[in-house]
Amino acid sequence: MEIIVKTIPHKKQRYPTVGDWFFKKDGLIIYVSDLGCWQYESAIAIHEIIEALLCKARGIKEKAVTDFDINFEKEREAGLHKDNEEPGFAPDAPYKKEHKFATKIEKYLINEFDLNWDEYDDKLGKL
């Protein structure tokens, strides 16, 4: 399987997210928002790769994840969720377990880069 990671302008994401994944016939595509920091972008990419592969292994379809995320963002705009709340942590997220594990690895990676998780998380939240 080929895994392609591309950094793109944040406004070009399919919906308000800093990391997006989907499968094509021959592999996995990851889009990461340009944050001007390769370590931040790498941490997001690793998170997305882990989440996508775990979803694939467990039979969770990308469409279910994307549809959930897009609906969650619409609900956020309607005031039903906090600005910093992540869809993957919602109790009814179809990929909650996979998202939580990917976030653990993401946190470890940010720490190994000698970066501050709270500063990183704050920057992501401001997009």
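Residues numbered from 1 in each chain as written. Predicted model: local features only at pLDDT ≥ 70, side-chain atom pairs only at ≥ 80, totals over all residues. Heavy atoms only, no water.

Tracing the sequence through the fold places Gln-39 in helix H1 (residues 38-57). The residues touching Gln-39, leaving out its near neighbours within four places in the chain, are Ile-110, Phe-113 and Leu-115. (Helix = DSSP H or I, 4+ residues; strand = E, 2+ residues; numbered from the N terminus. Contact = heavy atoms within 4.5 Å.)

Further remarks concern the packing of aromatic side chains. Tallying each qualifying case throughout the model produces seven aromatic pairs. Centre to centre, the rings of Phe-22 and Tyr-31 are 5.5 Å apart; their planes meet at 65°, and the pair counts as edge-to-face. Overall, Phe-22 belongs to the buried group, its relative accessible area being 14%. By relative accessible area, Tyr-31 is classed as partly exposed at 23%. Taken together, the ring pairs in this structure connect Tyr-40, Trp-117 and Tyr-120 into an aromatic cluster. Residue placement shows Lys-56 over the ring face of Phe-23; its charged tip is 5.0 Å from the ring centre. (Phe/Tyr/Trp six-rings, centres within 6.5 Å; stacked < 30°, edge-to-face > 60°. Buried < 20%, exposed > 50% of the residue type's maximum accessible area, 1.4 Å probe, protein only. Lys NZ or Arg CZ within 6 Å of the ring centre and 35° of its normal.)

Within the fold, Lys-6 resides in strand S1 (residues 2-8). Each C-alpha atom of the pair Lys-6 and Asp-34 lies 9.2 Å from the other, and the pair is 28 residues apart in sequence. Excluding residues within four positions of it along the chain, Lys-6 makes contact with Ile-30, Tyr-31 and Val-32.

Counting 25 residues, the largest nonpolar core has Trp-21, Ile-44 and Tyr-120 as its most contacted members. Broken down by secondary-structure element, the contributors of at least two residues to this core are strand S3 (27-33), H1, helix H2 (62-77) and helix H4 (117-125). If you tally residues by element for this core, the top one is H1, at seven residues. Residues in contact with Ile-44, not counting those within four places in the same chain, are Val-18, Gly-19, Val-32, Leu-35, Glu-106, Tyr-120 and Leu-124. (Core = buried A, V, L, I, M, F, W, Y, C linked by side-chain atoms within 4.5 Å.)

Here we take up the environment of Ser-42. Structurally, Ser-42 can be placed in helix H1. Judged by its relative accessible area of 26%, Ser-42 is partly exposed. Between the alpha carbons of Ser-42 and Glu-106 there is a distance of 9.0 Å; along the sequence they are 64 residues apart. Aside from chain neighbours lying at most four places away, what touches Ser-42 is Leu-109 and Phe-113. A polar contact of 2.7 Å, which involves the side chain of Ser-42, links it to the backbone oxygen of Trp-38. (Polar contact = N/O pair within 3.5 Å; in protein donor to acceptor, adjacent residues only side chain to side chain.)

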